[in-house]
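If you want the building blocks of each chain, they are given just below.
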Amino acid sequence: MQFPELQYAFPYRTVSLSGSQSIAYSDEGSGKDILLFIHGLASYIPAWRKNVAVLNKTFRCICIDLPGYGKSTAGEHSGNISFYAEVLAEFILTMKLHNVTLVGHSMGGHLAIGLTLIHPELVNNLILLAPAGFEDFTGDESLLLKRAFTADTFITADEIQIRNSFAGNFFRMPLDTEPMIQDRLAMRNWKNFHAHANVVANSLYGMLDDPVLNRLSLIDQKTLVIYGENDTLIPHPVLHNKMTTAAIAYSGVAQFQKATLIFIKKCGHFLQFEKPDEINLLIRDFMI
């Protein structure tokens, strides 16, 4: 596993897949409908704890660590969207999951879209929270982003930069973000940290190299898209500083066959953690 030093305050299991992959997951609740939660870039299962604690009373809630994250496969990988999609597909099939709704945050939203495009038969519905993939980057812009964010950028970040990075995800950062910040600070001294940093960088490059915006019209699953009105990460604050979150959101949602768009007031990018009560209610209403 990538981070054996990491302590989770909840039960989790691992399942072995092909190619020496292993996926760590929490599995709580029951019911015919399954919510499969996919975390964002440089995140992990605990990002969903405020949601699972409520939604597991109505649905079976499965949260995973993606390969190279948390308690899942150690080491590095390409970060390609197709790689993640095949791992997710194999996880669903190995676990014999049916009636699956993908719940993806940020990069997890991009991956949920990628899986749905490649294996639509495995996905009932989509719930996309501040999804990456709606914002269009030119070739030159992609190169700039790759040069600006590397594994070394992630490795050399000091405590002030790390805390500022977390704060940038919120309109008002909740006090209970601190345990996640402490995990991020501690991992700098863990044996697989450099491998994880390469996975994070590769995952960003994978999204840039495999845009999905021009293929969203192929998705016929019922889709719920939610953005925070005060998201400062989408659109990119430097490259697209004349765009708005709303413009990006509306342009993406318009491509789907069956999608609903909702905005959360006084909320940033990490909306399921900042406004869990509103997000949980919206997910429940969407699923019922």
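Everything below is about the structure shown above.
Source: prediction; values computed, not measured.

Considerations on the pairing of strand β1 (residues 13-16)
Relative to strand β2 (residues 22-28), β1 runs antiparallel, the two sharing four bridges. When the bridges of β2 are listed, V15 appears paired with I23. Hairpin connection of β1 to β2: five residues between the antiparallel strands, including G19 at a positive phi of 65 degrees.

Brief notes about the nonpolar core
Membership of the largest hydrophobic core comes to 97 residues, with the highest contact counts inside it found for F91 and F134. Of the residues forming this core, the biggest block, nine residues, is contributed by helix α8 (residues 193-209). Among all residues touching F134, those that are not within four sequence positions of it are I113, L128, L213, L216, V225, Y227, I248, A249, S251, G252, V253 and F256.

As for helix α11 (residues 276-287)
Between its first and last C-alpha, α11 extends 16 Å over 12 residues, near the 16 Å set by a 1.5 Å rise per residue. Among the residues of α11, those classed as buried are P276, I279, N280, I283, F286 and M287. Taken around the axis of α11, the buried residues stretch over an arc of 130 degrees, which confines them to a single face.

Quick look at the packing of helix α2 (residues 81-94) against helix α3 (residues 107-118)
α3 packs onto α2 with a crossing angle of 75 degrees between their chain directions and a minimal axis gap of 9 Å. Comparing their axes, α3 and α2 come out roughly perpendicular. Only H110, L111, G114, L115 and I118 of α3 make contact with α2, whose side of the interface consists of I81, S82, Y84, A85, E86, L88, A89 and I92.

Some words on the packing of aromatic side chains
By convention here, two paired aromatic rings are described through the distance between centres and the angle between planes. Using the criterion set out here, one finds 15 aromatic pairs in the structure. Ring plane angle 20 degrees and centroid distance 4.7 Å describe the contact between Y8 and F10, whose orientation is recorded as stacked. Of the two residues, Y8 and F10, neither departs from the other in class, the shared state being buried. Aromatic side chains F270 and F273 sit 5.4 Å apart centroid to centroid with 35 degrees between the ring planes, which places their arrangement in the tilted category. Judged by relative accessible area, which is 6%, F270 ranks as buried. Three or more aromatic residues link up through ring pairs in this structure, and these residues are Y8, F10, Y12 and Y44. Over the face of the ring belonging to F273 we find K50, whose NZ or CZ atom lies 3.8 Å from the ring centre. One residue, K222, lies across the ring of F286, its end atom 4.5 Å from the ring centre.

As for α3
Taking 1.5 Å of rise per residue, the 12 residues of α3 would be expected to cover 16 Å, and the 17 Å separating its terminal C-alpha atoms lies within 8% of that figure. The element α3 is largely enclosed, with a buried count of 10 among its 12 residues.

Regarding the side chain of H105
Within the fold, H105 resides in strand β5 (residues 100-105). Here H269 takes part through its backbone oxygen, which lies 2.9 Å from a polar atom of the side chain of H105. The residues touching H105, leaving out its near neighbours within four places in the chain, are I38, H39, G40, W48, L129, A130, H269, F270, L271 and Q272.

Definitions and cut-offs
Every chain's residues receive numbers from 1 upward, in the order its sequence appears when written. This being a predicted model, a pLDDT of at least 70 is required before a residue's local features are given, and a value of 80 or more before pairs of side-chain atoms are given or counted; all residues contribute to the totals for chains, interfaces and linings. As a convention, hydrogens and water are excluded, and side-chain values are obtained from all of the structure's heavy atoms. Two strands are counted as paired when DSSP detects at least two bridges linking them. Secondary structure is summarised from DSSP: a helix means a run of H or I of at least four residues, a strand means a run of E of at least two, and numbering begins at the N terminus for each. Only buried Ala, Val, Leu, Ile, Met, Phe, Trp, Tyr and Cys residues count toward a nonpolar core, and they belong to the same one when joined by side-chain atoms within 4.5 Å. Working definition: with a 1.4 Å probe on protein chains only, accessible area under 20% of the residue-type maximum means buried, over 50% means exposed, and in between means partly exposed. Any two residues whose heavy atoms approach within 4.5 Å at even a single point are treated as in contact. For a helix, the expected span equals 1.5 Å multiplied by the number of residues minus one. Working note: the arc is built from the helix axis to C-beta atom directions. Helix axes use the C-alpha atoms of the stretch in contact, all axes being lines fitted to C-alpha atoms, and the angles between their N-to-C directions lie in the range 0 to 180 degrees. Note on terminology: angles under 35 degrees are roughly parallel, angles over 145 are roughly antiparallel, angles of 65 to 115 are roughly perpendicular, and the others are oblique. Two aromatic rings from Phe, Tyr or Trp, using only the six-membered ring of Trp, form a pair when their centres are within 6.5 Å; if the ring planes differ by under 30 degrees the pair is stacked, by over 60 it is edge-to-face, and anything between is tilted. Lysine NZ or arginine CZ positioned within 6 Å of the ring centre and within 35 degrees of the ring normal marks a charge as sitting over the ring. Think of a polar contact as two N or O atoms within 3.5 Å of one another; within protein, one of them needs to be a possible hydrogen donor and the other a possible acceptor, and neighboring residues in sequence only count if both atoms come from side chains.

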